[in-house]
Every structure is written in C-alpha cells, then in structure tokens.
Amino acid sequence: MRFASGAKFAILSFLCVMALAASMGFAISSLLTRSVEDWEWENTAALARREVERTGVDALLTAPRGVVAREASQREFARLLQGLPEVVRVKVWDRHATVLWSNEPRLIGQRFPDNDELNAALAARENAYERGSFSVLAEVYVPIFSKTTGQVIGVIEVYKSPLRLLATIQRGRLVAWSISLAGALVLYLVLFPLVRQVYGRHVREEALRAHTARLEAQRAALFQAEKVAAMGQLLAGVAHELNNPLSAIVGYTQLMLMRTDSGPMAEQLDRVAQSAQRCTRIMKNFLSLARRHLPQRQRVRLNALVEEAVELLAYPFRIDNVEVTCRLGKDLPQMWAEPHQLQQVLVNLLTNAHHAMRAAAQPRRIVLTTRYETATDRVVLTVADSGPGVPTDLQARIFEPFFATKSPGPGTGLGLSLCRGIVEGHGGALRLETTPGGGATFVAELPIGVAPTALEEAPVVEPMRSTVRKTILVVDDEPDVATLLAEALALDGHQVDTVHNGSDALERLRGRGYHLIFSDMKMPGMSGAEFYRTVAQNLPGVERRMIFVTGDSMNVTTRRFLEETGAASLGKPFGIDEIRRLVHAHPASIGEDAPDAPGTARS
C-alpha cells in the first residue's frame with residue numbers, strides 16, 4: 001500500500017511520539033517500582049531490627065548454643081514472627097550460617113554455607129529480591145548488629161507477601177503509562193499542526209527549488225536554441241556574402257579549365273577547383289548544421305554523412321592532434337532517413353569524443369566504423385575514442401536531459417539526450433560501450449527503412465539534349481556572378497542580357513520576351529520574391545520562366561517561397577554543368593523556340 005507524503009509524515013510522526021511515550025512510560029514505571037520496593041525493604045529491615053530488640057532475640061544470637069536451644073528461647077524466637085506483618089516465614093541465622101530457629105522445625109540446626117544472599121547479609125550488606133517463581137513472595141535478609149561491637153551477630157531472613165505493595169506498584173505503573181500515553185497524544189495533537197506547517201513549507205520549498213531547477217534547465221535549453229538560431233542567421237549572412245565570390249571562383253575556374261587543354265596551368269586550376277569545391281561543401285555543412293529543418297526523410301547514404309561530418313570538424317581535430325580513422329563499409333544500402341538529424345547525431349558524437357580527449361595524452365584517436373548487419377537489416381555506426389572513458393557511476397545517466405559530465409560552462413547537457421531521441425525516432429537504438437584499454441564507444445543501430453511507394457522508383461536522369469539557342473535575362477546585384485552566368489550560358493549559344501536590380505529587369509521584360517530569367521533572391525531595392533510577384537501581376541505567365549539563384553536555400557523563408565511557387569532554384573556556389581543542365585531541364589525551355597514579345601498575340 002502506498003501513501004501520500006503527507007500521510008507518511010503523519011504516520012511516522014505519530015509512531016515517533018508513541019515510541020517516545022512508551023520509553024518514558026517504561027522508564028517512569030521502572031523507577032517507581034524500584035523506589036517503592038527499596039522503600040518497602042528498608043521498612044521491613046527497620047521493623048525486623050526493632051522486633052529483634054523488643055523480643056530480646058539479639059541477646060539470644062550472642063548466647064551459648066545450649067542456651068539458645070532451650071524451649072524458652074524458642075518461644076522468644078516465635079514472638080518475632082508475630083510482630084512482623086505480612087510475614088509468612090522467618091529464619092534466624094547465627095553468624096556461622098546455621099539456622100537457630102525457623103517456623104519450619106525441620107530446618108533448625110541445619111547449616112547452609114553456600115547461600116550467597118546469606119553470606120552477603122553476614123558481610124553487613126542487606127539483600128532483598130523477589131523470586132521469579134513466586135510473583136507475590138519477597139525474600140529479605142536483615143543483618144543484626146551488636147550494640148557493643150557493631151559486628152554482625154546474625155541474620156533474620158524474612159519471607160513476605162506484600163500484597164498492598166504489589167497492588168500499589170500495579171496502580172502506579174498503570175497511572176504512569178496512562179499519563180505518558182495521554183501526554184504523548186496531547187503533545188501530538190498540539191504539535192502536529194505546527195510541525196505539519198513547517199513540513200509543508202519545507203515540501204513547498206523543495207518543490208519550488210525543483211521547479212526552479214527545471215525552469216533553469218529550460219531557460220538554458222532555450223538560450224542554447226536561441227544561440228543556434230542566432231548562429232544560423234549569422235551563418236546565413238556570412239554565406240550570402242561568401243557565396244557570391246565563391247561562385248565566381250568555382251565558375252571561372254571551371255571555365256578556364258574548359259579552355260585549357262593540359263599542362264601545369266590545367267593542374268593548378270584543377271587544384272583551385274578542388275579547393276573551391278571543398279569550401280562549397282564546408283559552407284553547405286555549416287548551414288545545414290545551423291539551420292532548423294522540418295523533418296523530411298529521403299534516401300540517405302550514411303557513409304557520405306560521415307565524411308561530411310569529419311570534414312566539417314577537420315580543423316579543430318587537426319589543431320588538437322586528433323587522428324580520425326574512417327572504416328566505412330562498402331556494402332551499405334541507402335537508408336530512408338532524415339539526413340540533417342543524422343548529421344546532427346554524428347557531429348554531436350564526434351564533438352563529445354573530441355572534448356573527452358582534450359586532457360588525454362597523445363595519441364588521440366577517433367575511429368568511425370559503419371557496417372551492415374544482414375541478420376537485423378540494420379546499419380551499425382560506431383564512434384570510438386581513446387579518451388578517459390565515462391565513469392561507471394555516470395554511464396546510466398549520460399543520456400538524461402540536461403546531464404553533462406563536463407565542467408560547468410555554456411553547454412546544456414542536451415547533446416546525448418537529443419542523439420538518442422533522434423536515433424530512437426528512426427526506430428533505432430543508441431548505447432554506450434566501454435572500450436577495452438580505456439575510452440568510450442557509442443554504438444548507433446539504425447534500420448534501413450522503407451520509402452513511400454510513390455518514391456520507390458529512382459528518378460531517371462535524362463541526357464542533355466542538343467543545344468537550342470534561347471534569350472535569357474540574368475538579374476543579379478553582384479557583377480561577377482552576373483557575368484559568370486552570362487559567360488556560362490553563352491557556351492551553349494544563348495543570348496544573354498544582364499541587369500543588376502529588379503526595376504531594370506522589369507523594364508527589360510516589358511520591352512522584350514525572354515525564354516528564361518535568372519534572378520538573385522537577395523537584392524537591394526527589390527528582392528527576388530518581390531520581383532517574382534510583380535512579374536506575376538504585370539506579366540502573367542512570365543513568372544513561370546524564372547530560375548532563382550540563392551546562397552541561402554536553407555533559409556526557412558526562402559524554402560517556403562520556393563515550395564509555394566514551385567520555381568526552380570540554383571544554389572550558390574554553382575558549377576557550369578549545373579547551369580547548363582538546369583536550362584535544358586526547365587519546363588519553359590521544352591518545346592519553345594522563341595517567346596512572345598509583350599503585348600503580342602501568338603498565332
């Protein structure tokens with residue numbers, strides 16, 4: 001049976017008060033019994049000595065044995081019994097432990113030298129006790145002292161049946177127990193409301209502290225989320241500024257490679273192109289990590305995500321001398337998963353391993369392994385590090401929200417909890433394993449997943465059709481990007497006009513028809529979205545020929561606009577082949593040799 005905390009407190013406090021009352025009742029009743037008994041035995045001893053003196057028994061104790069044995073002496077001993085109330089038996093002992101007289105004649109003349117109580121009385125110590133087998137019979141040894149020498153001359157052994165004393169003790173015990181229990185009950189009734197109030201305040205304070213701790217944790221999580229959002233906005237701005245010159249570097253390098261046959265110049269240009277492509281991948285990874293995405297599953301190659309995560313963290317690994325080894329399985333099937341979430345899991349696991357090894361001695365190693373388990377139809381990812389590992393007492397708590405093993409800092413302890421949530425959200429499992437020889441190994445098991453039926457068939461990439469010359473308008477506020485687009489489109493013989501803002505583009509569209517319009521999304525004065533709506537309102541149908549060039553395709557507003565309009569887009573930085581293929585695949589390019597000029601009708 002389970003009780004509420006208040007009921008538990010009431011029961012425990014009542015039991016404690018009752019236990020205290022029982023202890024007090026036992027102590028008081030024991031003290032009362034001992035005091036009354038001692039008083040009774042002292043009175044009995046005093047009465048016995050008085051009767052010994054009154055009857056002259058003390059003289060008989062010092063008289064010769066022959067004198068004591070006379071019948072007159074025996075009568076004097078008998079008178080002693082008559083003067084002692086409640087006495088049922090009397091023995092008179094001489095100092096040699098011999099019975100001089102007893103109301104049981106068979107004992108007269110016998111000697112009991114092994115009687116410990118008698119020997120104690122002969123040594124001038126009174127001894128009184130109640131026999132266990134006789135609950136109403138008490139035995140008292142009273143030493144008799146000589147008036148002249150003060151020595152013990154004999155002992156009077158008295159057997160009493162103190163009925164009034166025992167009744168008084170019983171009443172005293174009853175009163176003591178009643179007062180103790182009643183007082184405890186009254187004390188409980190008086191103090192309970194006060195203690196309950198104090199206890200309730202303590203409980204409320206504990207609840208308030210716990211609530212405050214939860215609010216602090218939520219505030220920290222919100223602060224972290226705001227930092228991530230701010231970082232995303234900052235990266236978006238930085239990406240927009242960098243993507244324009246990076247587009248020029250990538251594009252012009254490819255153009256120069258197309259115009260250079262071979263030789264040292266071609267090799268150097270190829271290196272520039274590879275470095276530019278690497279910058280492009282890093283920029284996209286940063287944006288992908290910082291941006292929030294609506295969960296949208298697609299076919300994912302886990303090995304590619306692992307390589308992207310390692311490349312993203314390559315610089316801090318290199319600075320701290322962390323060696324990363326990737327042992328990626330070659331037979332991994334594609335997964336149906338959310339790539340951005342899996343990338344977040346990878347980055348978190350790698351970052352945790354990196355932080356764990358900062359204080360560790362070299363060599364510092366991280367080993368990433370992927371493999372496919374045919375028996376379970378799952379992909380297994382392991383991230384093992386050579387750090388100090390996770391203490392045994394913390395291993396069961398590292399996946400709890402807001403729990404962090406690192407020293408206090410700006411982190412919120414949400415990383416591993418979010419990782420487990422993401423993995424379990426995909427139907428998998430994330431666990432910690434202890435690495436032999438030190439370190440920690442995180443193992444993530446992920447199911448392959450099944451794509452919806454409508455997406456089972458892979459899209460067919462059509463070969464690029466023969467070039468059909470088109471008239472194309474390029475709208476971009478960056479002259480280098482606009483010139484690059486114009487030169488790339490001119491490779492296929494297209495006629496290209498360039499303008500640098502939306503107002504000039506509208507003027508061009510009113511005077512001439514274009515097959516396609518390339519427009520930047522972010523431009524001063526009139527943005528790409530505003531340009532699109534203005535064209536749709538003033539030149540209906542022309543907006544379907546627009547292709548947007550953006551360096552921030554992961555921005556929520558940009559993505560929502562592209563999804564709502566269905567407009568094609570080209571991400572910065574872009575390659576020459578991407579431009580050419582997009583032109584050939586655009587619906588407005590298929591089956592159209594020349595567009596109608598504004599204001600004319602088609603026959």
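Residues numbered from 1 in each chain as written. Predicted model: local features only at pLDDT ≥ 70, side-chain atom pairs only at ≥ 80, totals over all residues. Heavy atoms only, no water.

Asker: Talk me through the pattern of salt bridges; I want residue IDs and the actual numbers.
Answerer: Within the structure shown, the criterion is met by 18 salt bridges. Between Arg106 and Glu104 there is a salt bridge, with its nearest N and O atoms 3.0 Å apart. For the salt bridge of Arg365 with Glu323, the shortest nitrogen-to-oxygen distance reads 3.7 Å. With Arg365 in strand S9 (residues 364–373) and Glu323 in strand S7 (residues 322–328), this residue pair connects regions lying 42 residues apart in the sequence. Residue class for Glu323 comes out partly exposed when judged on its relative accessible area of 43%. Salt bridges here are not isolated pairs; linked through shared partners, they connect Arg378, Arg431, Glu433 and Glu445. (Salt bridge = Lys/Arg side-chain N within 4 Å of Asp/Glu carboxyl O. Helix = DSSP H or I, 4+ residues; strand = E, 2+ residues; numbered from the N terminus. Buried < 20%, exposed > 50% of the residue type's maximum accessible area, 1.4 Å probe, protein only.)

Asker: Could you give an account of helix H15 (residues 556–565), with specific residues and numbers?
Answerer: For H15, the full list of buried residues reads Thr558, Phe561 and Leu562. Viewed along the axis of H15, the buried residues span an arc of 95°, placing them on a single side of the element. Counted as exposed and oriented over 90 degrees from the buried face of H15: Thr557, Glu563 and Glu564. Looking at the packing, one finds that the buried side of H15 touches helix H14 (528–538), strand S16 (546–550) and strand S17 (568–571). After H15 finishes, the residue Gly566 shows a positive phi value of roughly 75°. (Arc of directions from axis to C-beta. Contact = heavy atoms within 4.5 Å.)

Asker: Describe in detail the sheet that holds strand S15 (residues 516–520), supporting the description with residues and values.
Answerer: Spatially, 5 strands are ordered S14-S13-S15-S16-S17 in an open sheet, and the strand pairing comes out parallel. On the outer flanks of this sheet lie strand S14 (495–499) and S17, each paired with one strand and no other. When the angles between neighbouring strand axes are averaged without regard to direction, this sheet yields 20°. Against the sheet, helix H16 (residues 576–585) engages strand S13 (471–475), S15, S16 and S17, with an angle of about 175° to S17. (Pairing = 2+ DSSP bridges. Axes fitted to C-alpha atoms, helices over the stretch in contact; angles between N-to-C directions.)

Asker: Tell me what's going on with the nonpolar core, and back it up with residues and numbers.
Answerer: Grouped together as the largest cluster of nonpolar side chains are 39 residues, with contacts concentrated most on Met335, Leu350, Ile366, Leu368 and Phe442. Within the residue set of this core, elements represented by two or more residues are helix H8 (302–312), strand S8 (335–337), helix H10 (339–356), S9, strand S10 (378–385), helix H11 (415–425), strand S11 (429–434) and strand S12 (440–447). In this view, Met335 contacts Gln298, Arg299, Val300, Leu302, Leu342, Val379, Leu446, Pro447 and Ile448; residues no more than four positions away in its chain are not counted. Within the second largest apolar cluster, 24 residues are counted, among which are Ala45, Leu84, Val142 and Leu165. (Core = buried A, V, L, I, M, F, W, Y, C linked by side-chain atoms within 4.5 Å.)

Asker: I'd like a rundown of the sheet that holds S7, residues and numbers included.
Answerer: Across a sheet, paired strands are connected by hydrogen bonds in the backbone, their directions being either parallel or antiparallel. Taken in spatial order, the 5 strands line up as S7-S9-S10-S12-S11 in an open sheet, and their pairing is mixed. Either end of the sheet is taken by a strand with one partner, and the two such strands are S7 and S11. For this sheet, the mean inter-axis angle between neighbouring strands, taken without regard to orientation, is 15°. Relative to S9, S7 is paired through 7 bridges, and the arrangement is parallel. Looking across to S9, one finds that Thr325 is bridged to Val367.

Asker: Tell me about a nonpolar patch on the surface, and name the residues and values.
Answerer: On the surface, a nonpolar cluster with roughly 560 Å² of combined accessible area is contributed by Ile11, Leu12, Phe14, Leu15, Leu185 and Leu189. For the nonpolar patch, the secondary structure elements donating two or more residues are helix H1 (5–55) and helix H6 (163–259). With respect to the helices, strands and loops of the structure, Leu189 is situated in helix H6. On the accessibility criterion, Leu189 (55% relative accessible area) is exposed. (Patch = residues over 30% accessible without salt bridge, like charges linked within 9 Å, V, L, I, M, F, W, Y side chains within 5 Å. Areas by Shrake-Rupley, 256 points an atom, 1.4 Å probe, with all protein chains shown as cover.)

Asker: Describe the confidence of the model for the chain, with residues and values.
Answerer: Summarising the model, the chain shows a mean pLDDT of 78, and 80% of its residues fall at 70 or more. In the predicted structure, residues 130–134 sits below a pLDDT of 50 and forms 9 contacts with residues beyond four places in sequence or in another chain. (pLDDT = per-residue confidence, 0-100.)

Asker: Before we move on, could you go through the packing of H8 against H10 and cite the residues and values that matter?
Answerer: Where H8 contacts H10, the axes come no closer than 9 Å and their chain directions differ by 50°. The angle between H8 and H10 places the two elements in the oblique class. Crossing handedness for the pair H8 and H10: right-handed. Facing H8, whose interface residues are Leu305, Val306, Glu308, Ala309, Val310 and Leu312, H10 presents Pro339, Leu342, Gln343, Leu346, Val347 and Leu350. Tallied by class, the residues present in the contact of H8 with H10 amount to 10 nonpolar, 1 polar and 1 charged. (Parallel < 35°, antiparallel > 145°, perpendicular 65-115°, else oblique. Left-handed = near helix turned anticlockwise from the far one by under 90°. Nonpolar A, V, L, I, M, F, W, Y, C, P; charged D, E, K, R; others polar.)

Asker: Outline the pairing of strand S2 (residues 99–102), supporting the account with residue identities and numerical values.
Answerer: Consecutive side chains of a regular strand alternate in pointing toward one face of the sheet and then the other. Strand direction decides the pairing type here: strand S1 (residues 87–94) and S2, joined by 3 bridges, are antiparallel. Residue pairing in the sheet places Val92 in a bridge with Trp101 of S2. As consecutive antiparallel partners, S1 and S2 are separated by 4 residues, and within that stretch Ala97 has a phi angle of approximately 65°, a positive value.

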